[in-house]
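# Descriptive analysis of the structure
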Amino acid sequence: MTISRRVFVKAGALAMVSFGLDPLFLDRLAYAVGPSGRAGDRRILVVLFQRGAVDGLNMVVPHGESVYYRERPRIAVPRPDVVDLDGHFGFHPALGSLKPLWDNKSLAVIHAVGSPDATRSHFDAQDYMESGTPGVKSTSDGWLNRYCRHDQEHRQTAFRAVAFGPQLPRILAGSAPALALDDLGAFGLRANQAAVRDRLTRAFEELYEGAGTGLLASSSAEGFAAVEMLKHANPTQYGPAHGAVYPRGRLGRSMLQIAQLIKADVGVQVAFADASGWDTHVNQGAAQGQLAARLRELGESLAAFSQDLGERMRDVVVLTLSEFGRTVRENGNAGTDHGHATAMLALGGPVNGGRVLGRWPGLDEGARYEGRDLAVTTDFRDLIGEIVQRHLGARDLQSIFPGYAPSHSPGVITKA
């Protein structure tokens, strides 16, 4: 059996990944949980990527502008159906479950946000947003991994950076340790099988044989301890609390399992989840339809997550991202094409909620990007930079966003 040094554990539904980092990081795992059995309280960031380019204009509707209705005769959300927020903007009705979070000021909208790069390629735009270097294709690591690598204020644990999915996302690629978990429940079942234990042990013995690390005798035991820690912490024992009900589907399951890991106190500081299906070129729908179905799952997942964590949300921020938005004008297939700016959501105790943040450029044709798209007035790095600095405590934003100095704070974090 062969196993790369870049992959320390990969069995069942768990992959532990570190790109170029010495296996000594596993030694720190023994200290991830203190004598009390708790990893210690820490501020947490959850990033949710809406892959496919969500239509921000139908997610957070500028119902106060007649241009919106003129340019979208078939897909505009009717005014009576909009969940009004401030008289000008409102949620799509499928996001009605988020209105209580808006009302209690733990949820904010950042509108007209995006990348300064002009690409309308999903692949390139996602890459730029995850690398944090728009227009630069040579960046090898992700901005969230760079944060973990350069931050020295928080204890390193094997579970500090976790992504839910079959592989490590671009945003967490890099030299800092990160985990990719496909399904906690499936992993728990498989980890209890003796065959998996034997296979893992053999893999670690082979990985470290002759490695010259000085950990030949203990490294495979410590590596397997990562798996054992997850099994003994048993995050799946933490069912949704406070009556929270997560929607069925991958996103709901991912948010449920992130909450389980947070409540298991295994040291999670940053978590990542994907939500696909936002590329609505054809039959997008208005108050109902394919976009409405995706938004309903998003809203119910976020609402359940907040309800489930309860008081723990005072230390948690959830941020939604999407690579770009959609055209202002609907296309001939009752859908929308690739655009520029979009809307993003920030949820949590530290959030300056109950507000639509960012400068709204309007939808008049003269104000649009290239005459067709909502213009970007907030660089996504300004938004992320504020959150990692004021919420997570990052001190050097240049190390996270090389070549860029965030200068315009949208004001999303109120409690630093």
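Up top is the structure.
Quantities reported herein were computed from a predicted structural model and do not represent experimental measurements.

### Comments concerning helix α11 (residues 290-309)
Under the 1.5 Å per step criterion, the end-to-end length of α11 is 29 Å for 20 residues, consistent within 8% with the ideal 28 Å. When you tally the buried positions in α11, you get 15 out of 20 residues, the bulk of the element. Looking one or two residues past α11, G310 carries a phi angle of roughly 55 degrees, positive in sign.

### Considerations on the pairing of strand β10 (residues 270-275)
Burial within β10 is extensive, with five of its six residues counted as buried. With six bridges joining them, strand β3 (residues 44-50) and β10 adopt parallel strand pairing. Counted as the bridge partner of L48 is A273 from β10. Examined bridge by bridge, strand β8 (residues 161-164) and β10 share four bridges and lie parallel to one another. Note on β10: the bridge partner recorded for A161 is V270.

### Concerning the environment of Q284
Relative to the assigned elements, Q284 resides in the loop between β10 and α11. When its relative accessible area of 0% is taken as the criterion, Q284 is described as buried. Spatially, the C-alpha atoms of Q284 and R74 are 9.4 Å apart, while their sequence positions differ by 210 residues. Those residues in contact with Q284 that sit more than four places away from it in its chain are D55, N58, R72, I75, G289, Q290, L291, A334, G335 and T336. At 2.8 Å, the side chain of Q284 forms a polar contact with the side chain of T280.

### Considerations on the sheet that holds strand β4 (residues 60-61)
As summarised here, the arrangement of the three strands in space is β4-β6-β5, forming an open sheet in which the pairing is antiparallel. Both edges of this open sheet fall to β4 and β5 (83-84), since each of them pairs with a single strand only. Where β4 meets strand β6 (residues 90-91), two bridges bridge the pair, whose relative direction is antiparallel. Among the inter-strand pairings, V60 is bridged to a residue of β6, identified as F91.

### Side note on the pairing of strand β11 (residues 316-321)
With six of six residues buried, β11 lies mostly within the body of the structure. Here β11 shows no split at all, with V316, V318 and T320 on one side and V317, L319 and L321 on the other all buried. Here six bridges tie β3 to β11, and the two strands are oriented parallel to one another. Looking at the pairing, I44 lines up with V316 of β11. Pairing geometry for β11 and strand β12 (residues 342-348), over three bridges, is antiparallel. Paired with V318 across the bridge in β12 is L347.

Conventions we followed
Numbers given to residues run from 1 along each chain, matching the order in which its sequence is written. Owing to the predicted nature of the model, reporting of local features is limited to residues with pLDDT of at least 70; listing and counting of side-chain atom pairs is limited to 80 or more, with chain, interface and lining totals taken over all residues. In computing side-chain properties, one takes all heavy atoms of the structure into account and sets aside hydrogens as well as water. Where helices and strands are cited, they refer to DSSP runs of H or I of at least four residues and of E of at least two residues respectively, numbered from the N terminus. Expected helix span is computed as 1.5 Å times (number of residues minus one). Accessible area is worked out with a 1.4 Å probe on protein chains only. A residue is then buried under 20% of its type maximum, exposed over 50%, and partly exposed in between. Any two strands with at least two DSSP-identified bridges between them are counted as paired. Residue contacts are counted whenever heavy atoms from the two residues lie within 4.5 Å of one another. Under this definition, polar contacts are N or O atom pairs within 3.5 Å; protein pairs additionally need one hydrogen-donor-capable and one acceptor-capable atom, and for neighbouring residues in sequence, both atoms have to be side-chain atoms.

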